[in-house]
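Per-entry structural report
Residue-level listing of the chains:
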Amino acid sequence: MAIQWFPGHMTKARRQIEDKLKLIDVCIELLDSRLPLSSRNPMIDDILRDKPRLIILNKADLADPEATRKWLAYFRAEGHVAHPVDAATGTGIKEIPEQVKLLLKEKIDRQIAKGMNPRPSRALIVGIPNVGKSTLINRMAGKNIAATGDRPGVTKGQQWIKTGGNLELLDTPGILWPKFEDQDVGYRLAVTGAIKEEILNIEDIAFFAVKYLVKDYGASFQERFGIEKLPEDLENPDEIVAVMEAVGRKRGCLISGGRVDLEKASRLLLHDLRAGKLGRFTLETP
Ligand code: GDP
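Because the structure is predicted, anything quoted here is derived from the model rather than measured.

Okay, helix α10 (residues 262-274) next. Owing to its 3.6 residues per turn, the α-helix brings residues three or four apart onto one side. Taking 1.5 Å of rise per residue, 13 residues should cover 18 Å, and α10 covers 18 Å from first to last C-alpha, within 8% of that figure. Taken together, the buried positions of α10 are L262, A265, S266, L269 and L273. Seen along its axis, α10 keeps its buried residues to an arc of 100°; they face one direction. Where α10 is buried, its residues contact α7 (183-191), α8 (202-225), α9 (237-250) and β9 (259-260). Trailing α10 by a residue or two, G276 shows a phi angle of about 80°, which is positive.

Our next topic: unusual backbone geometry. The phi dihedral of R49 is positive, around 45°, even though this residue is not glycine. Note on placement: R49 falls in the loop between α2 (44-48) and β2 (53-58). Judged by C-beta crowding, with 10 C-beta atoms within 10 Å, R49 ranks as exposed.

On to the nonpolar core. Within the largest apolar cluster, 70 residues are counted, with the highest numbers of intra-cluster contacts made by V26, I28, A123, I125, A209, V210 and M244. Counting residues per element, this core draws most heavily on α8, at 9 residues. Looking at this core, you find at least three residues from each of domain 1 (7-175) and domain 2 (201-274). In this structure, A209 is in contact with V191, L269, L270 and L273, ignoring residues within four places of it in sequence.

Close to the ligand lie 18 residues; A88, G132, K133, S134 and T135 are nearest. Per-element accounting of the shell around the ligand gives the leading share, 3 residues, to helix α6 (residues 133-141). Looking at side-chain class alone, the shell around the ligand contains 5 nonpolar, 8 polar and 5 charged residues.

Rules used throughout
Residues numbered from 1 in each chain as written. Predicted model: local features only at pLDDT ≥ 70, side-chain atom pairs only at ≥ 80, totals over all residues. Helix = DSSP H or I, 4+ residues; strand = E, 2+ residues; numbered from the N terminus. Expected span 1.5 Å × (residues − 1). Buried ≥ 20, exposed ≤ 12 C-beta atoms within 10 Å, placed from the backbone. Arc of directions from axis to C-beta. Contact = placed C-beta atoms within 7 Å. Core = buried A, V, L, I, M, F, W, Y, C linked by C-beta atoms within 7 Å. Domains from an automatic or database assignment. Near = placed C-beta within 6 Å. Nonpolar A, V, L, I, M, F, W, Y, C, P; charged D, E, K, R; others polar.

Shown next, in the form of structure tokens:
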């Protein structure tokens, strides 16, 4: 479920996170591996300032592994600690406390030098809707804590969730708004289901997806939908629509006169894409 953001919502979301920053040692910024920049909040550096930050590329299971390697290198070159995770199955989760320790090493070493037993490090997970915050919290807690899905405006008492490795998490994640400045960013978010389909036209979203994916991942399309010939000219809209029609025919989206119901075909295509049935893909490169 996506949230409709207005300037007032954004200010409130920002304040809520800024309040929580006082309580934590480290922030875990969750991004979608398939679109790490488009799923990044545009004001994140400004909001988190000098708070130590671990960048997690979530849904790595759905992304192109080669592209994920490039993105990790990109964020590391920016001076961040970055780590790939699949919160749905738990791959990469057990390394998170170690990564946090690495980030907070100086602070922890100081405590040890003073003869103190290092207290548990405390973390807040932040990210845009649907990026997997609740799934990650539940996974790290080892049980169902955070309600999946977003319920803006619902506040409850905050609790610290114990995870392994001397790390505690705030049970309520920080919900951030995605970028809106660029139309392609909007389409990328819509392809992955991060923003509501009502905001953009479903056929336009599918058109965008096909145009991008046929170029880099054409073989998956051909195989799944039995497409004889992939478009040669991606700038020719007719060739893209022909692919969408082929998808529709294969998936039985026919209406009277043997024509293809493009809206239905678009829906099924996006469903398959999001479920990973067309293979792993990444929608932007560093
Ligand atoms: P939130 O809005 O950020 O709390 O996101 P949720 O935790 O509710 O997750 C949104 C959707 O993404 C759910 O359907 C999850 O099952 C799915 N999801 C979360 N993490 C992963 C992941 O690593 N891989 C895959 N394939 N799906 C994920």
